[in-house]
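Listed below are the residues making up each chain.
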Amino acid sequence: MKVALVGIGKIALDQHVPAIAASPDWELAATVSRKGSVPGVPAFTDFAAFLAERPDVQVVSLCLPPVPRFDYAEAALLAGRHVMLEKPPGATLAEVHELERLARDRGLTLYATWHSRMAHAVAPAKAWLADKAVHEAHITWREDVRKWHPGQEWVFEPGGMGVFDPGINALSILTEILPQPIHLTKARLEFPANRQTPIAAQLAFTGNVTADFDWRQEGPQTWDIIVQTDRGELALRMGGNVLEIDGKPMAGENSIMGEYPALYARMAELVRKGESEVDLAPMVHVADALTLGERVTTAAFEF
Ligand code: NAP
């Protein structure tokens, strides 16, 4: 199937282009980006022109930041294209509900991807937890914003979600693996004095679940979820790619490179079956944190 990539920036070049190139299902037939392009691939700078001139491309994969993404997704669905959304699927919950409605009414596929759910050890972790009683869980998601979002001012602008941009990846794993649903009860959000979104957050949920998100970690990066159960401790490390039970490695692979190939395989399956997949549970927790959270002002941040 032919796919067009829209928004040729960091994640498109780091992950989407190689995943499509290695896939038996997909051909990268066009790009749409104001400045970016991919060598050897027909490049458009205007989305309306792409939609009008390339009816042969029935699938678009939107790699833009969340705020501009809705207009592109809406236009694509109105033009009869299947749509794959980067995470987080939108700037607000309501706009994603609207996209779901548009896709459903037209019989089109809408896939709100969560790349971290495709990490190597997430499915085995979910299977291990399925028959356990969870007593408590803690997320530590500490990374360096300068490394993963170099100069990306949008992450600190309204709708950019700040530290929840990576934190929502942890929440996408947690909501996938826990046998019972949870909801947020308390949050403390640290906003740099010169910014609109938080750079750190501490969250508490029902079920003794807590989370510590921080975007100021230099040196080694930490993406861990530790779950205490009635029959031992589960640790998911490396962003869900490595599983340990009671300290012993059990499954997975210390690499993030399997996630996007798995997303494109899933999109191919959804399009073939005529189905959609949109789970907003991770984004509900972020919206709740931004609604309920205590706001603390911290040191100004510059890239
Ligand atoms: P990015 O490089 O800043 O943005 C991607 C591209 O989107 C830009 O190069 C730009 O291309 C286009 N764009 C930006 N603002 C736009 C606007 N207002 N209107 C139209 N086009 C615009 O961001 P990214 O890091 O790739 O992240 C994009 C999405 O992927 C985010 O939702 C992020 O959460 C997700 N993601 C990122 C990472 C990561 O490590 N960075 C990892 C996983 C997922 P043109 O200027 O050429 O139009």
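Not measured: the values here are computed from a predicted model. (Residues numbered from 1 in each chain as written. Predicted model: local features only at pLDDT ≥ 70, side-chain atom pairs only at ≥ 80, totals over all residues. Heavy atoms only, no water.)

Visitor: Tell me what's going on with the pairing of strand β11 (residues 222-229), and back it up with residues and numbers.
Guide: The element β11 is largely enclosed, with a buried count of 6 among its 8 residues. In this sheet, β11 lies alongside strand β7 (residues 134-142) in antiparallel orientation, the contact comprising 8 bridges. Paired with R142 across the strands is T222, a residue of β11. Sheet analysis places β11 next to strand β12 (residues 232-237), joined by 5 bridges and oriented antiparallel. Across the sheet, I225 pairs through a bridge with L236, a residue of β12. Between the antiparallel neighbours β11 and β12 lie 2 residues. (Buried < 20%, exposed > 50% of the residue type's maximum accessible area, 1.4 Å probe, protein only. Helix = DSSP H or I, 4+ residues; strand = E, 2+ residues; numbered from the N terminus. Pairing = 2+ DSSP bridges.)

Visitor: Break down the packing of aromatic side chains for me, citing the residues and quoting the values.
Guide: Applying the stated criterion to the full structure yields 10 aromatic pairs. Taking the centre distance of 5.6 Å and the plane angle of 75° together, the rings of F44 and F50 count as edge-to-face. F50 shares its class with F44; the two are buried. Geometrically, the ring pair formed by W148 and W223 is edge-to-face, given 5.8 Å between the ring centres and 70° between the ring planes. Linking W148 in helix α6 (residues 145-148) with W223 in strand β11, this pair joins segments that are 75 residues apart in sequence. W148 sits in the partly exposed class, given a relative accessible area of 27%. Joined through ring pairs, the aromatic side chains of F44, F47, F50 and Y72 make up one cluster. The ring of W148 is capped by K147, whose NZ or CZ atom sits 4.9 Å from the centre of that ring. (Phe/Tyr/Trp six-rings, centres within 6.5 Å; stacked < 30°, edge-to-face > 60°. Lys NZ or Arg CZ within 6 Å of the ring centre and 35° of its normal.)

Visitor: Any chance you could break down the site of the ligand for me, citing the residues and the numbers?
Guide: S33, R34, K35, K87 and D165 are the nearest of the 26 residues found near the ligand. Between W148 and the ligand, the recorded distance is 3.1 Å, taken from a backbone N or O atom to a nitrogen atom. Q152 places a polar side-chain atom, nitrogen or oxygen, 2.9 Å from an oxygen atom of the ligand. For the ligand, the accessible surface in isolation is 880 Å², of which the surrounding protein chains cover 84%. Assessed atom by atom at 2 Å from the grid points, the ligand resides in the largest pocket. Elements with a contribution of two residues or more to the shell around the ligand: α1 (10-21) and α3 (66-78). The leading source of residues in the shell around the ligand is α3, at 4 residues. For the shell around the ligand, a count of residues per class yields 12 nonpolar, 7 polar and 7 charged. Counting contributing residues, the shell around the ligand receives three or more from each of domain 1 (2-112) and domain 2 (116-254 + 287-298). (Near = heavy atom within 4 Å. Polar contact = N/O pair within 3.5 Å; in protein donor to acceptor, adjacent residues only side chain to side chain. Areas by Shrake-Rupley, 256 points an atom, 1.4 Å probe, with all protein chains shown as cover. 1 Å grid on protein atoms, 1.4 Å probe; cavity = no way out; pocket = protein on both sides within 12 Å on 5 of 7 lines; lining within 4 Å. Sits in = over half its atoms within 2 Å of the grid points. Nonpolar A, V, L, I, M, F, W, Y, C, P; charged D, E, K, R; others polar. Domains from an automatic or database assignment.)

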